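# Structural overview
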Amino acid sequence: MLKNSVFMLLFLSLLSSQVWVAKYGEEIFYEEDLFRYVQKKDWMVLDLEKKRRVLLDFLKQEVAVSKAKVLGLQYEEKTYKKIKGRFERLLVNEYYMRDFLGKIIPKEKISFCQQNLKKEVFVNHVLLPLDSQGLVLSGLIKDSLLMRAGSFQGFARTHSIDPSSQQNEGALGWISVGQTVPEFQDAIFSLCLGCVSVVATDFGYHVVRVDSVKSSKYALLDRADYNDFAFRFASGYITENLAEKAAAHDSLLLKEEGVFLSRAHLNRLVLLIQKEKERIGAQTRKDVNVLGVLSSYPDVIASYGGNLLTASWFVNKINAGFYKNVFYDNVDQMYIEFITMLIRDIVFYRALDLQLNFGESFDKQFVSIEKDVLYKAFLKNLLNSVPDPTLQEIEVFYNNKEDKGLPLDKVSDSIRAVLLQEKQKEAQVLFELNVEEFSILNVGWIKNE
């Protein structure tokens with residue numbers, strides 16, 4: 001019993017140590033909640049009024065999401081399909097980012113970016129031609145600077161081929177990871193304060209010196225976001241042709257899963273789609289019920305992972321939200337899209353096997369996406385719940401018009417639409433005012449007191 005009490009006290013102390021930023025009713029929102037909505041580095045540069053507005057926008061979303069869940073909107077068919085589709089799409093992207101790129105990016109460069117992303121360096125440089133004369137001159141300038149036989153500003157004005165040197169005298173200013181080419185980045189973030197070095201890039205020979213160091217905006221990020229940015233910037237060190245590597249990777253996936261897609265059957269499907277278009281005399285492609293044609297095709301058209309697939313399998317993938325307004329003019333077009341669906345499916349289940357959906361970066365992104373979907377679902381539900389204007393309201397509106405023009409029976413539908421739009425706008429405004437009125441903001445925290 002005592003042991004359980006100790007754990008409870010520790011748990012409560014952890015909760016109380018969190019800094020609250022706002023309250024609405026019985027709900028309390030903390031720093032970590034807000035910084036899932038807006039990154040801390042972006043929040044810190046806002047003035048007080050913008051911080052207040054961002055915080056209120058955050059609360060409106062949170063309250064709407066809570067109300068959406070109470071209403072069970074997450075189980076409504078369209079909303080559920082949208083969330084599910086976004087989850088699958090995000091997980092596929094996460095696979096290519098973490099697993100595919102993770103095997104290509106040099107590990108030491110990921111570490112390098114993680115170590116240096118927290119800082120910015122103030123850099124001076126003199127740019128010289130990428131030839132033998134430039135190489136010799138860069139060495140002479142470096143030696144002169146080390147012996148204090150001249151200034152960076154003077155050498156930049158006299159010798160630099162950088163067009164901006166006459167104005168900035170060689171001062172590039174503050175630079176953070178991800179802003180320059182890899183060779184230049186490696187050099188400036190490996191230099192000690194006041195040290196001078198020469199680095200070659202495709203632009204020429206650079207005589208560089210780092211004059212100062214300070215914390216970057218990325219230093220304010222939480223661990224997950226910080227490592228995510230470092231990983232993304234490290235991808236700049238990839239030297240292979242990514243398109244070729246990705247194509248080879250996807251071909252290997254298809255081979256490993258034993259994928260076969262019949263061009264003969266696809267050709268028949270394309271012909272059936274064309275016949276349907278002619279049969280109904282469709283003026284545009286979107287008038288053709290392509291999914292209906294595919295669903296009614298009885299034969300097996302593909303095999304994958306030991307399973308036999310009909311065209312209905314692909315229809316389900318299309319309905320999941322990856323594709324819209326489908327139409328196939330030829331076999332090659334259909335083949336490419338169907339193969340893409342198969343690759344996405346393979347990648348999705350491999351990502352699940354790798355448990356990439358439990359990663360910090362994925363979780364943070366998906367929570368944000370899910371809330372955005374539920375927020376929009378709530379607003380849609382709110383607007384749809386507004387009652388239609390009554391006949392009396394329509395008559396009052398019509399009678400108050402100075403220029404009545406057409407008789408009431410001719411314009412009642414348009415008046416009804418105008419009044420409904422006004423009511424819907426009013427309902428949304430009232431919801432937002434309610435959140436603002438009954439919210440308590442931690443003003444001291446906002447002012448950083």
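Whatever comes next refers back to the structure up there.
Positions within a chain are numbered from 1, following the residues in the order the chain's sequence is written. Since the coordinates come from a predicted model, pLDDT governs what is reported: local features require at least 70, and pairs of side-chain atoms require 80 or more to be given and counted, while whole-chain, interface and lining totals use all residues. As a rule here, side-chain values come from all non-hydrogen atoms in the structure, and water together with hydrogens is ignored.

### As for the side chain of His206
Elements are defined by DSSP. Helices are runs of H or I of four residues or more, strands are runs of E of two residues or more, and each kind is numbered from the N terminus. Structurally, His206 is set in strand S6 (residues 204-215). Relative accessible area serves as the criterion here: at 5%, His206 is assigned to the buried category. In this structure the side chain of His206 is engaged in a polar contact, spanning 2.7 Å, whose partner is the side chain of Thr201. If sequence neighbours within four positions are ignored, His206 has contacts with His125, Val126, Leu127, Phe184, Ser197, Val198, Val199 and Thr201. Note on classification: 1.4 Å probe, protein chains only; a residue is buried when its accessible area is under 20% of the maximum for its type, exposed when over 50%, partly exposed between these limits. The definition of a polar contact used here is a pair of N or O atoms within 3.5 Å, where within protein one atom must be able to donate a hydrogen and the other to accept one, and adjacent residues in sequence count solely through side-chain atom pairs. Contacts are residue-level and defined by heavy atoms, with any inter-residue pair within 4.5 Å sufficient.

### Re the pattern of salt bridges
Salt bridges are defined as contacts in which a side-chain nitrogen from Lys or Arg sits within 4 Å of a carboxyl oxygen from Asp or Glu. Per the stated rule, a full pass over the model turns up 27 salt bridges. Here Glu94 ties to Arg98 by a salt bridge, and the two come within 3.1 Å at their closest N and O atoms. Here Glu94 and its partner Arg98 are both found in helix H5 (residues 77-100), four residues apart, which amounts to about one turn of the helix. Judged by relative accessible area, which is 5%, Glu94 ranks as buried. Its salt-bridge partner being Glu393, residue Lys423 comes within 3.1 Å of it at the nearest N-O pair. Taken together, the residues span a long stretch of sequence, with Lys423 in helix H19 (residues 408-437) and Glu393 in helix H18 (residues 391-399) at a distance of 30 residues. The exposure class assigned to Lys423 is partly exposed, which follows from its relative accessible area of 21%. Each member of the salt-bridge network shares a partner with another, and the members are Arg53, Asp57, Lys60 and Glu436.

### Observations concerning a nonpolar patch on the surface
Patch membership needs two things, relative accessible area over 30% and no salt bridge, and members are linked within 9 Å if like-charged or within 5 Å if nonpolar (Val, Leu, Ile, Met, Phe, Trp, Tyr). Exposure was quantified through the Shrake-Rupley algorithm and a 1.4 Å probe, taking into account, for residues, occlusion by the shown protein chains and nothing else. Nonpolar side chains collect at one region of the surface, where Met44, Val45 and Leu220 lie side by side and expose about 270 Å² of accessible area between them. Positionally, Leu220 belongs in the loop between S6 and helix H11 (223-234).

### Structural notes on the side chain of Gln61
As for its position among the elements, Gln61 is in helix H4 (residues 48-70). Residues within four places of Gln61 in sequence aside, it is in contact with Tyr37, Lys371, Asp372 and Tyr375.

### Here's the deal with the packing of aromatic side chains
Side-chain rings of Phe, Tyr and Trp, where Trp is taken by its six-membered ring, are said to pair if the distance between their centres is within 6.5 Å; with planes under 30 degrees apart they count as stacked, over 60 as edge-to-face, and otherwise as tilted. In this structure the tally under the stated criterion is 21 aromatic pairs. Between Phe29 and Phe58, the ring centres sit 5.7 Å apart and the planes meet at 80 degrees, which makes this aromatic pair edge-to-face. With Phe29 in strand S2 (residues 27-30) and Phe58 in helix H4, this residue pair connects regions lying 29 residues apart in the sequence. Among the residues examined, Phe29 registers a relative accessible area of 5% and is labelled buried. The exposure class of Phe58 is buried, given its relative accessible area of 0%. Pairing Phe87 with Phe348 gives two aromatic rings, centres 6.2 Å apart and planes at 80 degrees, and the pair type is edge-to-face. Of this pair, Phe87 sits in helix H5 while Phe348 sits in helix H16 (residues 331-353); the two residues are 261 residues apart in sequence, bridging distant segments of the chain. A relative accessible area of 10% means that Phe348 is categorised as buried.

### Quick notes on the sheet that holds strand S4 (residues 171-176)
Taken in spatial order, the four strands line up as S4-S3-S6-S5 in an open sheet, and their pairing is antiparallel. Among the strands making up the open sheet, the edge pair consists of S4 and strand S5 (196-201). Across the sheet, the mean angle separating the axes of adjacent strands is 40 degrees when strand polarity is ignored. Here an angle of 0 to 180 degrees is reported between the N-to-C directions of two axes, which are lines fitted to C-alpha atoms, with helices fitted over the stretch in contact. Sitting on the sheet, helix H7 (residues 132-146) is in contact with strand S3 (119-128), S5 and S6, with an inclination near 40 degrees to S6. At least two DSSP bridges between two strands are needed for those strands to be called paired.

### Let's talk about the packing of helix H13 (residues 263-280) against H16
For any two helices packed against each other, one specifies the crossing angle of their axes together with the interaxial distance. At their nearest, the axes of H13 and H16 sit 9 Å apart, and the two run at 115 degrees to each other. Read as a crossing pair, H13 and H16 show a hand that is right-handed. Within the contact between the two elements, H13 uses Arg263, Leu266, Asn267, Leu269, Val270 and Ile273 and H16 uses Val331, Asp332, Met334, Tyr335 and Phe338. Classifying every residue of the contact of H13 with H16 gives eight nonpolar, one polar and two charged. Two helices that cross are described as forming a left-handed crossing if the nearer one is turned anticlockwise from the farther one by less than a right angle, and a right-handed crossing if clockwise. Under the grouping applied here, Gly and all other residues not named as nonpolar or charged are polar, the nonpolar ones being Ala, Val, Leu, Ile, Met, Phe, Trp, Tyr, Cys and Pro and the charged ones Asp, Glu, Lys and Arg.

### Some points on the nonpolar core
Formed by 107 residues in total, the largest nonpolar core has its most connected members in Leu294, Phe314, Tyr328 and Phe338. With eleven residues, the single largest contributor to this core is H16. If near-sequence neighbours (up to four positions away) are discounted, Leu294 is found in contact with Leu269, Ala311, Ser312, Val315, Ile318, Tyr328, Met334 and Phe338. Counting residues in hydrophobic clusters, the runner-up holds ten residues, among them Val126, Phe152, Ala156 and Val207. Nonpolar core, defined: a set of buried Ala, Val, Leu, Ile, Met, Phe, Trp, Tyr and Cys residues in which side-chain atoms within 4.5 Å join the residues together.

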